[in-house]
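Residue strings, one per chain:
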Amino acid sequence: MTTAPWRDPALSPAARVDDLLPRMTLEEKTAQLYGVWVGATDGGAVAPHQSDMTPPGAWPDLIAHGLGQLTRSFGTVPVDPTAGARALARTQREIAAANRFGIPAVAHEECLAGFTAWGATAYPVPLAWGASFDPALVGEMGRRIGADLRAAGVHQGLAPVLDVVRDPRWGRVEETIGEDPYLVGTVGAAYVKGLEAAGVVATLKHFAGYASSVGARNLAPVRAGVREFADVTLVPFEMALREGGARSVMAAYNETDGVPASADPELLTELLRERWGFTGTVVSDYFGLGFLRTLHRVAGTPAEAAHAALAAGVDVELPTPDCYGAPLADAVRAGTVPEELVDRAVRRVLLQKCELGLLDEDWRPEPAGPGDLDLDPSANRALARRLAEESVVLLDNPAGVLPLAPDARVAVVGPRADDALAMLGCYSFPSHVGTHHPDIPLGIDVPTLLDALRAELPDSKLTFTEGCDVSGPGTDGIAEAVARASEADVVVVALGDRAGLFGRGTSGEGCDVGDLELPGVQGELLDALCDTGVPVVLVLLTGRPYALGRWRERWGAAVQAFFPGEEGGPALAGVLSGRVAPSGRLPVSVPRSPGGQPWTYLQPPLGLASEVSSLDPTPLFPFGHGRGYTTFAWEPAPGEDGSAAVATDGTHEVALTVRNTGDRAGTEVVQLYLHDPVASVTRPDVRLIGYRRVELEAGAAARVAFAFHADLSAFTDRTGRRVVEPGALELRLAASTTDVRHMEHITLTGPTRVLGPDRELFCGTKVTEVTQA
């Protein structure tokens, strides 16, 4: 038997697809352009409109012509991982056997903070990744998540989220990496690189503008200006594509200035493919194509929605067919949709399947590896612990209440102290799906903060009372909490969010808020505890920052954790006991007042506090802030005058020595900010362009150097070009946006440069140990 050219692995993927595509019927081609969510209605809907758009029909009919993707075989209902992998393999064999060419589907799953499957490791949420300021560690996590996905037979992961926080009231802040595009881009690119290194297709979300919605409402319109979109929103995606090598992009739900992303050819084709050179697949967000008709109303029928999306550049409809199935095929036959658009999308899908080995004659659905699948091995848990530890932010410790004395009488209070779900974000399996199945165990061990403190402080006398609910109005438990506090040497009060979806939580997708007051009556509980006079250690387990100004002068210490994952309890307990040196830094500003002044630090002068408004948006704790249990001295190089002339295409090294002047090991996070005093358009007062974690033993020192390239000063000018302008700049080495330790004045000389897609995006860093004199 002669092997068809499209089966021949010796040929290039392009040649193989060129041979296969003309052999396919219209139905066979359109079948490659959608997923099917099998079992999507079992156990309650995960998302709104899910049941409305789940296609009718028997399974054999759905796969008769092939299938593009299988949607969330593991992430819809609880299934034992080993049994799930075997079932997925059987399903793939059915799909391959049902179509003429024997082509299986791409299996995709969510993997925002770990593989969203029952029994899989629940890592810290992306906002905690940002707090770690540690791309290398996040990249290692990405590799481990990718390996688990591949071991289960999954090809594509729907992560990471690269939206930049613009308003912390938005429910999905926990899914983001932070409010700065450089931090989001560097950490996000590392995760992508790790996932892709494991052979899994990373999918960048949500392209683009989703986090800039009006009023911080989910799916609300976006009214961002051209420069904000170019210089804030798009930057992390470009970084993750160039540095991380992501092979898929998810079109966002939102409209920007009246044009939905899923129907925007300027975004999905002209920018993404023609200017950035992207060659992978664009997938819709779940039900996003149907929303063009039902919510955006830019299409009157499913066929019109299909035409708009295909023309814009959406290749695959997820999670299940609504527009790209029969309505699309009928429209092509009727001549209202050009078949060339179908062929363009199918070609991209088949090229990716070819890269994944799904067109090879020796393809087998059973993943390689041991028979029993363990998705939460000890190595995963150790990594989850390390990332959780690095992400905990010590906000304040003015009187040295922390670390806790090992034999102290500790009153543990609060609705987040003894609940395993307090550690987990909305895309963890227990929060995302498990709540629909209350009789099914979590599937993983998640120590609560109370559990972890009992293990961490065996000589302490611990008492516990909840005090209040996360979001309920009841205050009956506050009196008991005050009584327990009055008997203690110190109070540890654990407050924060309950992650959920679409109003089922206080943080998560569809859980937007009107202000940044702590949920429910938690603020009243904190007031009552502070009034006892007993030192209060506030521990926050949240998915967004909350306004804390009213307690700044009243607490003994404050610690922030952003849903730190299954090992978050021991990580927090280690910080409180002093076993772990806190090293996290804020990836989002912490507001002073609950109105929040929908604010991030990337503000031009008139976005800052001034005499022209009675409202002061200055945060309580700025972006990049975080304290530790030791002290550091920052020493500029001897003889440096702090000024230099640099060409508009040149480089300049900025360096200093960091010395641990305390009596214990610790980590400093050195941050490099750019201040542009005068430009042709208004610029943020400061913006992050580089950073580096520096771990030092007591008394040790290291030289930290940043390789500044003039491209890092670029911005979008009035004509829409990205330019480097000559003129004065300040390079600020700082411990946060407001804590500047060293400054260099440079002057960019030469002509204004117009940059292309090959511009420098990353600031290189180097740490060199300094020998003691």
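Residues numbered from 1 in each chain as written. Predicted model: local features only at pLDDT ≥ 70, side-chain atom pairs only at ≥ 80, totals over all residues. Heavy atoms only, no water.

It is worth spelling out the pattern of salt bridges at this point. Where charged atoms from two side chains of opposite charge approach closely, those side chains can pair. According to the stated counting rule, one finds 49 salt bridges in the structure shown. Across the salt bridge formed by Arg-333 and Glu-27, the nearest N and O atoms sit 2.6 Å from each other. Here Arg-333, found in helix 13 (residues 326–334), pairs with Glu-27, found in helix 2 (residues 26–31); they are 306 residues apart in sequence, far enough to count as distant. Here Lys-205 makes a salt bridge to Glu-110, at a shortest N to O gap of 3.2 Å. Highlighted residues: Lys-205 in strand 5 (residues 201–207) and Glu-110 in strand 3 (residues 106–110), separated in sequence by 95 residues. Accessibility classification places Lys-205 together with Glu-110 in one group, the buried group. (Salt bridge = Lys/Arg side-chain N within 4 Å of Asp/Glu carboxyl O. Helix = DSSP H or I, 4+ residues; strand = E, 2+ residues; numbered from the N terminus. Buried < 20%, exposed > 50% of the residue type's maximum accessible area, 1.4 Å probe, protein only.)

A few words now on the sheet that holds strand 22 (residues 715–716). As summarised here, the arrangement of the three strands in space is 22-23-26, forming an open sheet in which the pairing is antiparallel. The sheet is open, and its two borders are formed by strand 22 and strand 26 (753–754), each paired with just one other strand. One ladder, built from two bridges, connects strand 22 with strand 23 (residues 722–724); its direction is antiparallel. Across the sheet, Phe-715 pairs through a bridge with Val-723, a residue of strand 23. (Pairing = 2+ DSSP bridges.)

Now for the sheet that holds strand 6 (residues 248–251). Working definition: the strands of a sheet are paired by backbone hydrogen bonds and lie parallel or antiparallel to each other. Sheet architecture is open: seven strands sit in the order 1-2-3-4-5-6-9, paired in parallel fashion. In this open sheet, the two strands that pair with only one neighbour each are strand 1 (35–36) and strand 9 (281–284). Pairing between strand 1 and strand 2 (residues 69–71): two bridges, direction parallel. Note on strand 2: the bridge partner recorded for Gly-35 is Gln-69. Docked against the sheet, helix 4 (residues 81–98) engages strand 2 and strand 3, running at close to 145° with respect to strand 2. (Contact = heavy atoms within 4.5 Å. Axes fitted to C-alpha atoms, helices over the stretch in contact; angles between N-to-C directions.)

Attention shifts here to the layout of surface pockets. In this structure, the largest pocket spans a volume of roughly 780 Å³. Looking at the lining of the largest pocket, the elements that each hand over two or more residues are helix 8 (226–233) and helix 10 (265–275). The element contributing the most residues to the lining of the largest pocket is helix 10, with five residues. For the lining of the largest pocket, the class distribution of residues is 14 nonpolar, six polar and nine charged. (1 Å grid on protein atoms, 1.4 Å probe; cavity = no way out; pocket = protein on both sides within 12 Å on 5 of 7 lines; lining within 4 Å. Points joined across faces, edges and corners; volume = space filled by probe spheres on them. Nonpolar A, V, L, I, M, F, W, Y, C, P; charged D, E, K, R; others polar.)

Glancing now at helix 8. For helix 8, the full list of buried residues reads Phe-229, Ala-230, Asp-231, Val-232 and Thr-233. Buried-residue contacts for helix 8 involve helix 7 (181–197), helix 9 (235–244), strand 7 (255–256), helix 10, strand 22 and strand 23.

On to the nonpolar core, then. Formed by 205 residues in total, the largest nonpolar core has its most connected members in Phe-207, Tyr-324 and Val-493. Looking at which element gives the most residues to this core, the answer is helix 14 (residues 339–355), with eight residues. By size, the runner-up hydrophobic cluster in this structure holds 37 residues, among which are Ala-122, Leu-450, Val-490 and Leu-572. (Core = buried A, V, L, I, M, F, W, Y, C linked by side-chain atoms within 4.5 Å.)

The subject of this paragraph is empty space enclosed by the protein. Inspection of every chain in the model, using the stated rule, returns six cavities of 30 Å³ or more. Roughly 60 Å³ of internal volume is contained in the second largest cavity. Together, Gly-68, Gln-69, Val-106, Gln-156, Thr-281, Val-316, Val-349, Gln-352 and Lys-353 line the second largest cavity. Top contributing element to the lining of the second largest cavity by residue count: helix 14, with three residues. Taken together, the residues of the lining of the second largest cavity break down into three nonpolar, five polar and one charged.

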